[in-house]
Each structure stands twice: as structure tokens, then as C-alpha cells.
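Each chain, written out:
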Amino acid sequence: LIEDESIWKEPIPTYRELLDRIQQYLKKVEPVYGKNKKEREEKFSARLEAYMEEHFAEDISLADIAEYFKLTPTYCSAVIKESTGNGYSQNLITIRMKHARELLKNTDLKIYEIAVQTGYKDVKYFNRIFKKETGITPAQYREKIQKIGE
């Protein structure tokens, strides 16, 4: 792209003109490279979501995910925030609670077993998070779902 641009064929007499030409060039190439960047970020975001869906029950940190993808935690965090509207921790909670609701609805597992299967070692903490996210306890959720199914 640089060789084809006439703005580079003439000498650049001043620093100000150099900055102007660089700005002109960036305006021309941004739609091409910006689109590619957006596509790359969307693909990465999908891979990141898939990874979190696959590993939600594990004790995974943002640093673990960044290390897996060979990126910085800051970049991973920004991509998660951009794609979901939530930060890493809230996104992980959302995924875990989705799976917890499915297990409460479709299995007879005890609540402490569901807590462990969704990445929580402490059932009291699991109950607190579940209630914060849904407005009711896991036991109340299961009871409500069973009444609807009758």
C-alpha cells in the first residue's frame, strides 16, 4: 500500500507535513486494516467464549486464560468486556449460573453437587451468588421449576 500512495513520492520538508501525510495515509488504510482487526477480535472472542464454556467448572482465572491464548490479561479482559458487556468475573458467573439452572432443572443432583460441578467449592458461596443472580435460592428455583412442569 505504501508504494502505491502518491503522498510518499514527494520529499517531506517539515515535521508538520510528515504528520499530515501520515494522518492522510492512516485514514486511507484504516477501513482495510480496521475491518481485519475487528474480524480477528470477533474470531478471538468466539474462541474465548468457547474456552470459558468448556472450562467454567474449573478454577480458572483471567491470567490462566491469557496464558492459554498467549496474550495479556488486560487484552483478554478488554475483549470479554467488548463482546459481552461484562467483565471477566461477571461473565464467568453468568456462564456458571446458566449451567447451574440447567442442572437444577434437569437432574436430581444435590445442590452441593451442582455447586461443585459449576466451579464452586463452597456451597454457601454458590447459594449466595445464585440468589444474587436470580433473586431466589437454588432450592427455590428447583421447586419453582418442578411446579411449572407439573
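Everything below is about the structure printed above this text.
Description of the structure in this document. (Residues numbered from 1 in each chain as written. Predicted model: local features only at pLDDT ≥ 70, side-chain atom pairs only at ≥ 80, totals over all residues. Heavy atoms only, no water.)

Remarks on the pattern of salt bridges
Thought 1: Overall, the coordinates contain four salt bridges when judged by the stated rule.
Thought 2: Among the salt bridges present, the one from aspartate 59 reaches lysine 121, with a minimum N-O distance of 3.8 Å. A residue pair is termed long-range when its members are at least 10 positions apart, and aspartate 59 in the loop between α1 (15–55) and α2 (62–69) and lysine 121 in the loop between α5 (111–117) and α6 (123–134) qualify at 62 residues. Taken individually, aspartate 59 and lysine 121 each receive the classification exposed, so the pair is uniform in this respect.
Thought 3: The shortest N-O distance in the salt bridge between lysine 147 and glutamate 143 comes to 3.6 Å. Here lysine 147 and its partner glutamate 143 are both found in helix α7 (residues 138–149), four residues apart, which amounts to about one turn of the helix.
Thought 4: For lysine 147, a relative accessible area of 56% translates into the label exposed. (Salt bridge = Lys/Arg side-chain N within 4 Å of Asp/Glu carboxyl O. Helix = DSSP H or I, 4+ residues; strand = E, 2+ residues; numbered from the N terminus. Buried < 20%, exposed > 50% of the residue type's maximum accessible area, 1.4 Å probe, protein only.)

Topic: the side chain of threonine 118
Thought 1: Structurally, the position occupied by threonine 118 is in the loop between α5 and α6.
Thought 2: Judged by its relative accessible area of 0%, threonine 118 is buried.
Thought 3: Ignoring sequence-local partners within four residues, the contact set of threonine 118 consists of Phe56, Ala57, Arg96, His99, Ala100, Leu103 and Phe126. (Contact = heavy atoms within 4.5 Å.)

Topic: the packing of aromatic side chains
Between two aromatic rings, the relevant description is the distance of the centres plus the angle of the planes.
Thought 1: Within this structure, the stated rule accounts for nine aromatic pairs.
Thought 2: Summarising the aromatic geometry, the rings of phenylalanine 44 and phenylalanine 69 are spaced 5.0 Å apart at their centres and angled 85° between planes, so their arrangement reads as edge-to-face. Taken together, the residues span a long stretch of sequence, with phenylalanine 44 in helix α1 and phenylalanine 69 in helix α2 at a distance of 25 residues. Considered together, phenylalanine 44 and phenylalanine 69 belong to a single accessibility category, that of buried residues.
Thought 3: Taken together, a centroid distance of 4.9 Å and an interplanar angle of 90° make the contact between tyrosine 68 and phenylalanine 69 edge-to-face.
Thought 4: Among the aromatic side chains, those forming a connected cluster through ring pairs are Phe44, Tyr51, Tyr68, Phe69 and Tyr75.
Thought 5: Above the ring of tyrosine 120, the side-chain terminus of arginine 96 is found at 5.1 Å from the ring centroid. (Phe/Tyr/Trp six-rings, centres within 6.5 Å; stacked < 30°, edge-to-face > 60°. Lys NZ or Arg CZ within 6 Å of the ring centre and 35° of its normal.)

As for unusual backbone geometry
Thought 1: We note that lysine 70 has phi near 60°; this positive angle belongs to a residue other than glycine.
Thought 2: Its location among the elements puts lysine 70 in the loop between α2 and α3 (73–84).

Quick look at the environment of lysine 81
Thought 1: Inspection of the secondary structure assignment puts lysine 81 in helix α3.
Thought 2: Distance from lysine 81 to asparagine 91, taken between C-alpha atoms, is 8.6 Å for residues 10 residues apart in sequence.
Thought 3: Those residues in contact with lysine 81 that lie beyond four places of it in its chain are Asn86 and Gly87.

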